[in-house]
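Structural overview
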Amino acid sequence: MTRMQKIRSIFVAIVTILASIYMIVEPDDGLITMALILSIALVAMGLKYLTYYFTMARHMVGGKGILFYGLIVFDFGLFTLSLSDIPKLYLVLYLVVINGFSAAVTILRGLDAKKMHSASWRLSISHGILNLALAFFCIIFVRSTSVVVYVYCFGLIYSSIIRIISAFRKTAVVYIQ
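Residues numbered from 1 in each chain as written. Predicted model: local features only at pLDDT ≥ 70, side-chain atom pairs only at ≥ 80, totals over all residues. Heavy atoms only, no water.

Below, the discussion takes up the nonpolar core. In terms of nonpolar packing, the biggest core is built from 23 residues, with M23, L31, M34, L91, V92, L95 and V149 touching the most fellow members. Those elements that place two or more of their residues in this core are helix 2 (30-55), helix 4 (88-115), helix 5 (121-140) and helix 6 (145-167). Core analysis: the second largest hydrophobic core is formed by five residues, L50, Y53, A57 and L67 among them. (Core = buried A, V, L, I, M, F, W, Y, C linked by side-chain atoms within 4.5 Å. Buried < 20%, exposed > 50% of the residue type's maximum accessible area, 1.4 Å probe, protein only. Helix = DSSP H or I, 4+ residues; strand = E, 2+ residues; numbered from the N terminus.)

Inspection of the entire model under this criterion finds four aromatic pairs. With a centroid separation of 5.1 Å and 75 degrees between ring planes, the pair formed by Y53 and F54 is classed as edge-to-face. When its relative accessible area of 47% is taken as the criterion, F54 is described as partly exposed. Measuring from ring centre to ring centre gives 6.3 Å for F136 and F137, while their planes differ by 55 degrees; the resulting arrangement is tilted. In this structure F137 comes out as partly exposed when scored by relative accessible area, which is 39%. (Phe/Tyr/Trp six-rings, centres within 6.5 Å; stacked < 30°, edge-to-face > 60°.)

For the rest of this paragraph, the subject is the side chain of T106. The residue T106 is located in helix 4 in this model. If we skip the residues at most four places from it in the chain, T106 touches S124, H127 and G128. (Contact = heavy atoms within 4.5 Å.)

Tracing the sequence through the fold places S120 in the loop between helix 4 and helix 5. For S120, a relative accessible area of 28% translates into the label partly exposed. Note: C-alpha distance between S120 and I21 (99 residues apart in sequence) is 28 Å.

All right, on to the environment of L93 then. Turning to its location among the elements, L93 is positioned in helix 4. Note: C-alpha distance between L93 and T33 (60 residues apart in sequence) is 15 Å.

The values reported here are purely geometric and, on their own, carry no functional implication.
In structure tokens form, the structure reads like this:
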């Protein structure tokens, strides 16, 4: 990870922690705030991949995969942004499904890292398992909006701390001569 990527990662983690603290203080607005944060993050990530495709990846092998990934993520971001006027129960279920899917992907990445004998597989799998457990707790307490907001904020704070820890980890740099 380059120095700029580390700084960006730490900045995003700090902003996420501050937004989580706001959601804990104001749990009534927490669901809309969660959906807004998720939609902004998805739209930004989709735009990043689309920009990468149009500037460089269209000339690469597998470039169309990057295009489709960027379009799908961008579309999910716009869809999440449009969920502001639906009942809170559906919004909670949507956020839980997105979080559960993300947790499953994190677990699969950790298992893949274990196969490659990477040192970070334990952190990845534990992060995914905790996020999956948080999604499960959100489903259990789906009727109480404030409990769901607290559980989700705990997950956001935990993910931000893991992101900060990962930013300070030493990574191997491979030079090709």
